[in-house]
Amino acid sequence: MEREGDYLRASVEFLDGDGELTIEVVTKKYTDIGDGTVVTGTSIFIDGEGNDTNEWGDLKELVRYKMTAGGGAGRWVLFRMLEPVWFDAVDAS
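Here the structure is a predicted model, which is why all the values come from computation and not from measurement.

The rules behind the values
- Residues numbered from 1 in each chain as written.
- Predicted model: local features only at pLDDT ≥ 70, side-chain atom pairs only at ≥ 80, totals over all residues.
- Heavy atoms only, no water.
- Helix = DSSP H or I, 4+ residues; strand = E, 2+ residues; numbered from the N terminus.
- Buried < 20%, exposed > 50% of the residue type's maximum accessible area, 1.4 Å probe, protein only.
- Contact = heavy atoms within 4.5 Å.
- Areas by Shrake-Rupley, 256 points an atom, 1.4 Å probe, with all protein chains shown as cover.
- Lys, Arg positive; Asp, Glu negative; His and termini not counted.
- Charge placed at Lys NZ, Arg CZ, Asp CG, Glu CD.
- Polar contact = N/O pair within 3.5 Å; in protein donor to acceptor, adjacent residues only side chain to side chain.
- Pairing = 2+ DSSP bridges.

Caption draft 1: Quick peek at the overall build of the protein. Broken down by element type, the protein carries zero helices and eight strands. What you see in the protein, going N to C, is helices and strands ordered as β-β-β-β-β-β-β-β. Along the three orthogonal principal directions, the C-alpha set of the protein runs to about 50 × 30 × 20 Å. Looking at the 93 residues of the protein, the share that counts as buried comes to 25%. Across the protein, the fraction of contacts at a sequence separation of at least 24, relative to all contacts at a separation of at least 6, is 78%. Split by element, the accessible area of the protein, about 6000 Å² in all, is 45% carbon and sulfur. Each charge class in the protein was averaged separately, 9 positive and 19 negative side chains, and the resulting centres sit 6 Å apart.

Caption draft 2: Quick look at the environment of Thr-37. Structurally, the position occupied by Thr-37 is in strand S3 (residues 37-38). Take Thr-37: its relative accessible area is 48%, and that puts it in the partly exposed class. Between the C-alpha atom of Thr-37 and that of Asn-51, which follows or precedes it by 14 residues, the distance is 25 Å. Once residues lying within four places of it in the same chain are set aside, the contact partners of Thr-37 are Val-25, Val-26 and Thr-27.

Caption draft 3: Spatial organisation of the side chain of Thr-27. Relative to the helices and strands, Thr-27 resides in strand S2 (residues 20-28). For Thr-27, a relative accessible area of 5% puts it in the buried group. In terms of polar contacts, Thr-27 uses its side chain to reach the backbone amide nitrogen of Lys-60, at 2.7 Å. Setting aside its immediate chain neighbours within four residues, Thr-27 contacts Gly-36, Thr-37, Val-39, Asp-58, Leu-59, Lys-60, Leu-62 and Val-63.

Caption draft 4: How the structure looks around the pairing of strand S1 (residues 7-17). Bridging between S1 and strand S8 (residues 85-87) involves three bridges; their strand directions are antiparallel. The partner of Arg-9 across the bridge, within S8, is Val-85. Of the pairings in the sheet, the one linking S1 to strand S5 (residues 50-56) comprises seven bridges and is antiparallel in character. From the neighbouring strand, Ser-11 faces S5, where its bridge partner is Thr-53. Direction of pairing for S1 relative to strand S7 (residues 77-81): antiparallel, over a ladder of five bridges. Opposite Gly-17, over in S7, you have Val-77 as the bridge partner.

Here it is, written out as structure tokens:
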């Protein structure tokens, strides 16, 4: 997806399953080749029913989610990503 602000606030809802889910954000410029770079230092980890939210900054023009489900063989998760919230940094000067 195209970046719509300086920061992204993403939320995931874990609906069902017996595994765990990690959500990371990957970003790159339009002109970059390849998959992009994972934004380090921030992720969402959830392993049971409920919601979790986190924020990412320092994003380039293109942004995508990297979703990893795990916890062992035969594990599964049912989840939904909620609509992302984009916002700009505040300049106090």
